[in-house]
Amino acid sequence: MMLNKFQSIEKTANGYLIHGDNADVMLVFMSDDVIRIRTSFDREFKEASYALVTTAWDDELDELFADERSRVNALDVPCEETDKKVIFTTRTLKLVLRKSPFSFSLYDADGTLIYQDLKERAYDCDQLGRLTHYSIVDREHDHFYGFGEKTGHVDKSGRRMRMSPKDAIGHDPEFGDPMYKHIPFYIRVNDQVKNAVGLFYNNSYDSVFDMCNEISGYWDRYCYYQTDGGDIDLFLIGGPTVGDVVSRYTWLTGRSAMPTKQSLGYTASTMYYAELEKDCDKEIYKVIQKHFDEKIYIDNFWLASGYSSGEEDNLRYIFNWNKKRFPDPEGFFEKMESMGINVIPNMKPGILQNHPYMDVFRKNDVFVKTPDGSDDYIGRWWGGYGRFVDFTGSKGRDTWKELLKETLLKKGSRTVWNDNCEYDGVEDRNALCDCDGRKGTMAELKIIHSNMMAYIGKKALAEMYPKERPYIINRAGYAGIQRYAQVWGGDNLTDWRTVKFNIATILGMGLSGCANMGCDIGGFAGGAPEGELMLRWIQNGIFQPRFCMNSANSDNTVTQPWMYEEHLEDVRAAFAQRYRMIPYLYSLMRQAYEDGTPAWRPLFMEFPDDENCYTDKNLTFMFGPAVLVANVVEKGAKTRTIYLPKGTTWYDMNDSFRAYEGGQTIELPVTLSSVPMFLRGSAIYMTTEDVHQASTDVMRQLDFMISAETDCDFVFYDDDGHTKDFEHGGYSRTEIKVKAGDRTVISFHKEGDYQDTVEKLTLRVVSKAKGAFWVTVDGEQIPRFLVKENLDEAESGWYYNLTDRTVMIKCPKPDKKDFDIVLSCEKFDLIGMVLDED
C-alpha cells in the first residue's frame, strides 16, 4: 500500500495535516532549518518520544523528561497551492509537495535542489506492516555519513545496514552488522552541490538503511529507510554545512553530556583482574602501582563483572559483592581513590533465577513480561536463562536506582557503567513492557531500555552526589544516548583491520551526535595483540575521548600497556602525549556539550569545498579544527599515505614544522615511533606538561602552537573538572583570536567566574618567511634572546628558532580577562629602523 495521491490539506495549531489516499502526513516547521514530515498509515499520530529533547507539541512523556525537554513554538509557514504542487517556504529552505505521485523535494534559499523523494514510490506500507521511505540518489556524487555505530569506511554509499542491536562480540570491523547502537540518523552530501542535509527517523523499531545497494530498473537509483512498525517520522534537517546539521540534530535529541576531566584520562581494565579465586583487590592495587612505576599515566579502572559473581557458582549477580574476591568493598573504593583512581563497576540488566535480590525484584514487579502479560519473560542470558529489568517503567527504574545506591554508590562508586544493555536475549519481540503506563512491545522498545538505564543511573548519581556531574558509560544506545553517557564500540576483535576501521566507527558516531566515544584499545575478543599492533592501537587510542584498554583474551593472556618491553618507550611517549593534549581535548568536549560538534571530524567537515575529502579513504581525521591525525594502521608500514586538504598549508608537527601545500597526497616515511600529526595553516593548538593524572595534577603552564596564514580563533575552556558549578558560571571560557599579518595579534578574552590555575604561557608561532622584530605582552615589550638556553632560564622573552622557524615566546600569564600578545615580523634594517614598504 503506497501513499500515491494528495487529497487535501488543513492548517493545524503548529503546522499542517495533509490527507492522502492511503496515509496522512503531519508537517511541523520546528525552525527555518528543521522540518518534521511524519507519515502515518494508521493516521493516529500518537506522541511519546524517548529521544527528543526539543518538541513543538504535547507529548505523553513530557513529565518524565521535564528536566531535559523544552518546547518551541513551531513556525507559521504559509503555503502556496497550485494544481500540481504545494509549496512551503522558510527563510532558508523551500519544501515542495508534488501531489501525484505523492513526494517531497527540498531546495535551499537559492533554489538548488538538495533532497528529493523517489517520485513514484516515496512512502509505502507492505503486506508485513513494514514501512519504507524511498529517496532519489545521485550514485556518482552522493555520499552518506552517520548511522551511529557502523563498521567499514565513513561513507556508507552502496551499503545495506540493519539497526537491530546485538551483543556483537568479535564483529568483523569492516563488514559486520548490526552493532550495539540504534541511531536512525544520517547526513547526505552531494560533492558537487556541497549542501548537507540530515535525515532523522524518530522511530525505535528495528530498521534497515539501504544506501543504493538495491537496484530496480523500473525506478531511478534510490536509497531507502525501512522500519518494522510505527510511523515514518522524518525530521529533515538543513545545513548547509555538516556541522550545522549535527548541531541541529543534537538540538533535537540532546547535546553530549559534559565529561569530567578524570574521564578523559586513561582507563585500565580486563575481565581477568576480577576473576581471581580470591583477593582481587590486592592484585588490582599492584596493577595500579605498576602503571605508576612504569610512568604510564592512569585515572580510571573498569571493574569487570567478576566482582558480582556468586561465591559458589561464579554466575553474575548485579548488586552482589563476592567477598572472597573483594572482602571490603568500601575499603577497596577508599584505597583506589587515595591513589587517584576512579573505580567503575560493571552493571548488567539481566537477572538469573538464583539472584540474591530476586525476592525484591519479584515483589516490585520489575521485569519485562510475556506477550500476554501473565508472567515474567525469560530469555537467554549470561550463565543461563534470565529475566530482564523493564527500564520503561517506574517500578523497574526505581528498584534499580535504590539498589544501585545501596550496593555501589554508597560504597564509594561515582560512575555508572551499563553493559550488555542491548536486550538481545529477549527473542520474542511481542514481549510486553510498561512503556511508562502505556504498554508496548519489545519490537518498539528493545533499544529504549538502554537509554532509560542511563537515565535512571543519572538520577541515582544526582541523589547521591548532587553537586557532582554524572559520569555514565553505555555499550548500547538509541538516539539521544549522548545526553547521558559516554559510549564505546563494544567487544571489538583483536585484528589489524579493527584499529583501522574503528577510526571510521568513531567518526560516524561523532557525526551521529555521540562525541564522547572510543573503542577498546588492543581489542577485546580474540588472542593477545602482537607487539606492533598493540603499539599502533595505543598511538591511535590517545586521541579517542574514551581512552580505555579492555580485554577478554582467548589465549589466557592479559592485554596491558607494558606487555611488550621492546615497545615500552614508545608506549610511554604515547601516554604522555595523551595527557599533554587534555586541555585541548577538554575544550573540544566542551564544544560538543555546547553545540554538538565532535572532537573527531572527518576531513570534509572542516574542508567542505574540497571534493576529494568526501571520497578520501585513508582513514585520517581532524582532531578538532587545528590538527590532522594520520595514525599508522598497517602492519609493517614504512610509509603512510595521507591526503592533505587543499586551501591551506600543512605543517608536520614531528618534523620541525616542515610545510606541505594542501591539495596533494603524500607518502610520509614512518617508524614504529611515528604518530603523524599536521598543524593546519591557520590554527590554535594547546598542550600542557603539568598533568600526569587528570584527577590530581594542577595545570600551571599552557603551551600554544599557532599558525596564522589567515585569521583564526579557538575557545580554550577550563573548570574544576568534576562539579556542576560550570552550569552556574563556574568556568573559564577564553576566546583566543589571531589576526594574521606581518604584525600578528593574538587576543585573549576570558569569560566566567572560575579562577583558572594557569600562571605561565608559552607560544610557538610558525613564521617560515622570517624572524620577528619585537614581541609585546599586554602592551609591554619582552626581551629577545639570541641564545635559546637563555630563554629557557628567563621568566619572559622570545627567541627565533631557525630549526623549525618558529618564534618561541614565554611569559607570565597577565592577571586580567583581556590582553594581547603581539608579534611583529615587519621589515626592518640592521640598525632597527622600520623600512618603508614603498
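Here we summarise the structure given alongside this text. These numbers come from a predicted model, not from an experiment.

## Quick word on the overall build of the protein
Item 1. A tally of helices and strands in the protein yields 14 helices and 54 strands.
Item 2. Taking 2.2 N^0.38 as the reference for a compact globule, 838 residues should give roughly 28 Å; the C-alpha atoms of the protein span a radius of gyration of 28 Å, in line with that estimate.
Item 3. For the protein, buried positions account for 62% of its 838 residues.
Item 4. Long-range contacts, defined here as pairs at least 24 residues apart, represent 67% of the contacts in the protein between residues at least 6 apart.
Item 5. A total of about 30,800 Å² of accessible surface is found on the protein, and carbon and sulfur atoms cover 46% of it.

## As for the pattern of salt bridges
Item 1. With the rule as written, the count across this model stands at 69 salt bridges.
Item 2. Asp76 is the partner of Lys11 in a salt bridge, and the nearest nitrogen-oxygen pair spans 3.3 Å. Of this pair, Lys11 sits in strand β1 (residues 6-12) while Asp76 sits in the loop between β6 (70-71) and β7 (79-81); the two residues are 65 residues apart in sequence, bridging distant segments of the chain.
Item 3. The closest approach of N and O atoms between Arg475 and Asp167, which form a salt bridge, is 3.2 Å. On the criterion of sequence distance, the pair formed by Arg475 in the loop between β31 (471-474) and β32 (477-478) and Asp167 in the loop between β15 (160-163) and β16 (181-182) is long-range, its members being 308 residues apart.

## What about the sheet that holds strand β24 (residues 342-347)?
Item 1. Taken together, 8 strands build an open sheet; the order of strands is β34-β33-β31-β28-β24-β23-β22-β35 and the sheet is parallel. Each edge of the sheet is formed by a strand with only one pairing partner; in this case those strands are β34 (517-518) and β35 (548-549).
Item 2. One ladder, built from 2 bridges, connects β24 with strand β28 (residues 415-418); its direction is parallel. Within β28, the residue paired with Asn346 across the bridge is Trp417.

## Regarding the layout of surface pockets
Unoccupied space between atoms shows up once a probe the size of one water molecule is rolled over them.
Item 1. Put simply, the largest pocket is a space of about 790 Å³.
Item 2. Gln262, Ala694, Ser695, Gly721 and His722 are the residues nearest the centre of the largest pocket, which is lined by 38 residues in total.
Item 3. Looking at the lining of the largest pocket, the elements that each hand over two or more residues are α3 (329-338), β24, α11 (582-595) and β46 (712-718).
Item 4. By residue number, the principal contributor to the lining of the largest pocket is α11, which donates 3 residues.
Item 5. Class assignment for the residues of the lining of the largest pocket results in 16 nonpolar, 13 polar and 9 charged.

## As for the sheet that holds strand β26 (residues 379-381)
Item 1. Pairing within the open sheet is antiparallel, and its 3 strands lie in the order β25-β27-β26. Each of the sheet's edge strands pairs with one partner strand only, and the pair in question is β25 (350-352) and β26. Sheet twist, expressed as the average angle between the axes of neighbouring strands with direction ignored, equals 60°.
Item 2. One ladder, built from 3 bridges, connects β25 with strand β27 (residues 384-388); its direction is antiparallel. Bridging across to β27, Ile351 finds its partner in Arg387.

## Side note on the packing of helix α5 (residues 394-407) against helix α7 (residues 448-464)
Item 1. For the pair α5 and α7, the least separation of the axes is 9 Å and the interaxial angle reads 45°. Compared by their axis directions, α5 and α7 come out oblique. Note that α5 runs across α7; the crossing there is right-handed. Residues Arg397, Trp400, Lys401, Glu402, Leu404 and Lys405 of α5 form the contact with α7, whose participating residues are Met452, Met453, Tyr455, Ile456, Gly457, Lys459, Ala460, Glu463 and Met464.
Item 2. Here the residues of the contact of α5 with α7 are counted per class, giving 8 nonpolar, 1 polar and 6 charged.

## Focus: the packing of helix α9 (residues 531-541) against helix α10 (residues 568-580)
Item 1. At their nearest, the axes of α9 and α10 sit 9 Å apart, and the two run at 10° to each other. On the basis of their axis angle, the class for α9 and α10 is roughly parallel. Contacts between α9 and α10 involve Leu535, Ile538, Gln539 and Gly541 on the former and, on the latter, Asp570, Val571, Ala574, Phe575 and Arg578.
Item 2. For the contact of α9 with α10, a count of residues per class yields 5 nonpolar, 2 polar and 2 charged.

## Quick word on the environment of Asp491
Item 1. Topologically, Asp491 is positioned in the loop between β33 (486-488) and α8 (496-511).
Item 2. On the accessibility criterion, Asp491 (8% relative accessible area) is buried.
Item 3. As a C-alpha pair, Asp491 and Trp798 span 307 residues in sequence and 50 Å in three-dimensional space.
Item 4. Ignoring sequence-local partners within four residues, the contact set of Asp491 consists of Asp167, Ala168, Ile169, Gly170, His171, Tyr180, Arg475, Phe524 and Ala525.

## Structural notes on the environment of Glu80
Item 1. Mapped onto the secondary structure, Glu80 falls in strand β7.
Item 2. For the pair Glu80 and Val96, spaced 16 residues apart in the sequence, the C-alpha separation amounts to 9.5 Å.

## Topic: the pairing of strand β2 (residues 15-20)
Item 1. Counted residue by residue, β2 has 6 buried out of 6 residues, so it is predominantly covered.
Item 2. Here β1 runs beside β2; their pairing, made up of 6 bridges, is antiparallel. Its bridge partner being in β2, Glu10 is matched across the sheet by Leu17.
Item 3. Turn length for the β1-β2 hairpin, with the two strands adjacent in sequence and antiparallel, is 2 residues.
Item 4. With 4 bridges joining them, β2 and strand β3 (residues 24-29) adopt antiparallel strand pairing. Looking across to β3, one finds that Tyr16 is bridged to Leu27.

Quick notes on the rules
Residues numbered from 1 in each chain as written. Predicted model: local features only at pLDDT ≥ 70, side-chain atom pairs only at ≥ 80, totals over all residues. Heavy atoms only, no water. Helix = DSSP H or I, 4+ residues; strand = E, 2+ residues; numbered from the N terminus. Rg over C-alpha atoms; globule rule 2.2 N^0.38 Å. Buried < 20%, exposed > 50% of the residue type's maximum accessible area, 1.4 Å probe, protein only. Contact = heavy atoms within 4.5 Å. Areas by Shrake-Rupley, 256 points an atom, 1.4 Å probe, with all protein chains shown as cover. Salt bridge = Lys/Arg side-chain N within 4 Å of Asp/Glu carboxyl O. Pairing = 2+ DSSP bridges. 1 Å grid on protein atoms, 1.4 Å probe; cavity = no way out; pocket = protein on both sides within 12 Å on 5 of 7 lines; lining within 4 Å. Points joined across faces, edges and corners; volume = space filled by probe spheres on them. Nonpolar A, V, L, I, M, F, W, Y, C, P; charged D, E, K, R; others polar. Axes fitted to C-alpha atoms, helices over the stretch in contact; angles between N-to-C directions. Parallel < 35°, antiparallel > 145°, perpendicular 65-115°, else oblique. Left-handed = near helix turned anticlockwise from the far one by under 90°.

The analysis is restricted to geometry; functional conclusions fall outside its scope.
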